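# Structural features, examined
Here is how the chains run, residue by residue.
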Amino acid sequence: MSSKKVEGSSAPANRRDPYEVLSVARDATDQEIKSAYRKLALKYHPDKNANNPEASDLFKEVAFSYSILSDPEKRRQYDNAGFEALDADGMEMEIDLSNLGTVNTMFAALFSKLGVPIKTTVSANVLEEAMNGTVTVRPLPIGTSVSGKVEKQCAHFFGVTISEQQAESGVVVRVTSTAQSKFKLLYFEQDSSGGYGLALQEESEKTGKVTSAGMYFLHFQVYRMDSTVNALAAAKDPESAFFKRLEGLQPCEVSELRAGTHIFAVYGDNFFKTASYTIEALCAKTYEETTEKLKEIEAQILRKRNDLRQFETEYRKALARFQEVTTRYTQEKQTVDELLKQRDSIHSSFSVVKTPSGNNLSNGSSSKAQGDEPKGEGDSAGEEGGAESRDKSKRKWFNLNIKGSDKKLG
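Taking an unreviewed UniProt entry as the reference, the chain is identified by name as J domain-containing protein belonging to Brassica campestris. Turning to the chain, the UniProt annotation filed under Subcellular location (unreviewed entry) states: "Membrane".

Following this line, the structure appears as structure tokens:
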């Protein structure tokens, strides 16, 4: 299940106090922060302020402030040490798909295909219609599935009604797409005004040959995997990608649903085309063994994440030591090679014969250097044989087929 709260944004250049931006007290409750964000996000949403460039900046500021105050850990860090305590590189980048031109949409699609995580915000039209309670809600009974196609920047809403017994057993809502469409699974809470406010959202992820997203209300802490954490770590430091792979496991805020009707939606997040999907609602009562397996495997993953954090420290130390010794190995090898070269040079100095500086001398040249004797017939023959040998080499090198030339030279 996703505890991913609505749109986040990269940090604005000039930062204001998040509490001031959302107009909430420093001891504001999560619900008060959420309510303030919804109103301001809708007020400054780019869809509703096409001719107001300042609204876009205010929207980003509101989203950035909410991304801090809605996360307990980030809120604690900010309260203790301000913005400096937050990792700006870890703030997720999101774009408003409905506000993009054709060219920018193509670039966004390209980055997405290259594996760069680009999250898209939910269209203001969808949020406003939900808040006003004017959306069409189709029933999705427990134990059934519905397939459909949703246009980009649009949403199909479903009402899941659960009994007391089903609420106690736990409920799972999942969406899959065999067409590998990009979509969001949304969960809305009912406001006092009768409308629906976006509470949770889950980005579709590719798992095998399908894309899928799910929300799991099983009465124990369930986790969602945010792949952007690993992708951002890999972009920053490829070597750390493995160690950060499990850091994307984030706790979901809502672990159970009360009896009654709950509103979910499938939001089309494809860049150019409709999103094909199948949504299903299940009671965990018939999946007790699977539920226990999920609880166990996530506990193992959490333990392994702690192990990796410790192992990364050990690995970094070992890697630094390895780099140190390999550098020394290279230096020592160069030193040994140089010493042996000097030794060979000293050995060659013990001689009355000067070492020629040119190419190796032939036997004939050596004889001349020793006695400088006049040539005889034998010497002429040797010289002629040498010329013949050189001539053969040339013919072989140039692949010349000159018949009878050897006989003439003989």
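From this point, things continue past the structure.
### Some points on the UniProt feature "coiled-coil region" (unreviewed entry) in the chain
When the UniProt feature table is mapped onto this chain numbering, "coiled-coil region" (unreviewed entry) sits at residues 287-321. A distance of 50 Å separates the end C-alpha atoms of residues 287-321, which is 97% helix and 0% strand.

### Describing the sheet that holds strand 13 (residues 260-268)
Overall, mixed pairing links the 5 strands, which are arranged 3-5-13-7-8 in an open sheet. Strands with a single pairing partner mark the edges of an open sheet, and in this sheet they are strand 3 (137-139) and strand 8 (196-203). With strand direction ignored, the average angle separating the axes of adjacent strands in the sheet is 30°. Across 7 bridges, strand 7 (residues 183-190) lies against strand 8 in antiparallel orientation. Its bridge partner lying in strand 8, Phe188 is registered against Leu198. On top of the sheet, helix 2 (residues 30-44) reaches strand 7 and strand 8; it is set at about 95° to strand 8, its chief contact.

### Thoughts on the packing of aromatic side chains
Under the counting rule described, the total for this entry stands at 13 aromatic pairs. With 5.9 Å between their ring centres and 55° between their planes, Tyr187 and Phe217 make a pair best called tilted. You can see Tyr187 sitting in strand 7 and its partner Phe217 sitting in strand 10 (residues 210-217), a full 30 residues away along the chain. The same class applies to Tyr187 as to Phe217, namely buried. Seen from their ring centres, Phe217 and Phe264 are 6.1 Å apart, and the 65° between their planes marks the pair as edge-to-face. With Phe217 in strand 10 and Phe264 in strand 13, this residue pair connects regions lying 47 residues apart in the sequence. By relative accessible area, Phe217 is classed as buried at 1%. On the basis of relative accessibility, which here comes to 1%, the residue Phe264 falls in the buried class. The residue whose ring lies beneath Lys295 is Phe220, and the NZ or CZ to ring-centre distance is 5.3 Å.

### Digging into the sheet that holds strand 9 (residues 205-207)
Strand order in this open sheet of 5 strands is 4-14-6-10-9, and the pairing throughout is antiparallel. Of all the strands in the sheet, just strand 4 (144-150) and strand 9 have a single pairing partner and so form its edges. Strand-to-strand twist of the sheet, defined as the mean angle between neighbouring strand axes without regard to direction, takes the value 30°. Relative to strand 10, strand 6 (residues 171-177) is paired through 7 bridges, and the arrangement is antiparallel. Bridge pairing links Val172 to Tyr216 in strand 10.

### Some points on the pattern of salt bridges
For the structure shown, the criterion picks out 18 salt bridges. Between Glu247 and Arg309 there is a salt bridge whose closest N-O contact spans 2.9 Å. Of this pair, Glu247 sits in the loop between helix 8 (227-236) and strand 12 (249-251) while Arg309 sits in helix 9 (residues 288-349); the two residues are 62 residues apart in sequence, bridging distant segments of the chain. Among the residues examined, Glu247 registers a relative accessible area of 18% and is labelled buried. Within the structure, one salt-bridge network assembled from shared partners comprises Arg16, Glu20 and Glu61.

Analysis parameters
- Residues numbered from 1 in each chain as written.
- Predicted model: local features only at pLDDT ≥ 70, side-chain atom pairs only at ≥ 80, totals over all residues.
- Heavy atoms only, no water.
- UniProt positions renumbered as here; feature names shortened; annotations may be inferred.
- Helix = DSSP H or I, 4+ residues; strand = E, 2+ residues; numbered from the N terminus.
- Pairing = 2+ DSSP bridges.
- Axes fitted to C-alpha atoms, helices over the stretch in contact; angles between N-to-C directions.
- Contact = heavy atoms within 4.5 Å.
- Phe/Tyr/Trp six-rings, centres within 6.5 Å; stacked < 30°, edge-to-face > 60°.
- Buried < 20%, exposed > 50% of the residue type's maximum accessible area, 1.4 Å probe, protein only.
- Lys NZ or Arg CZ within 6 Å of the ring centre and 35° of its normal.
- Salt bridge = Lys/Arg side-chain N within 4 Å of Asp/Glu carboxyl O.

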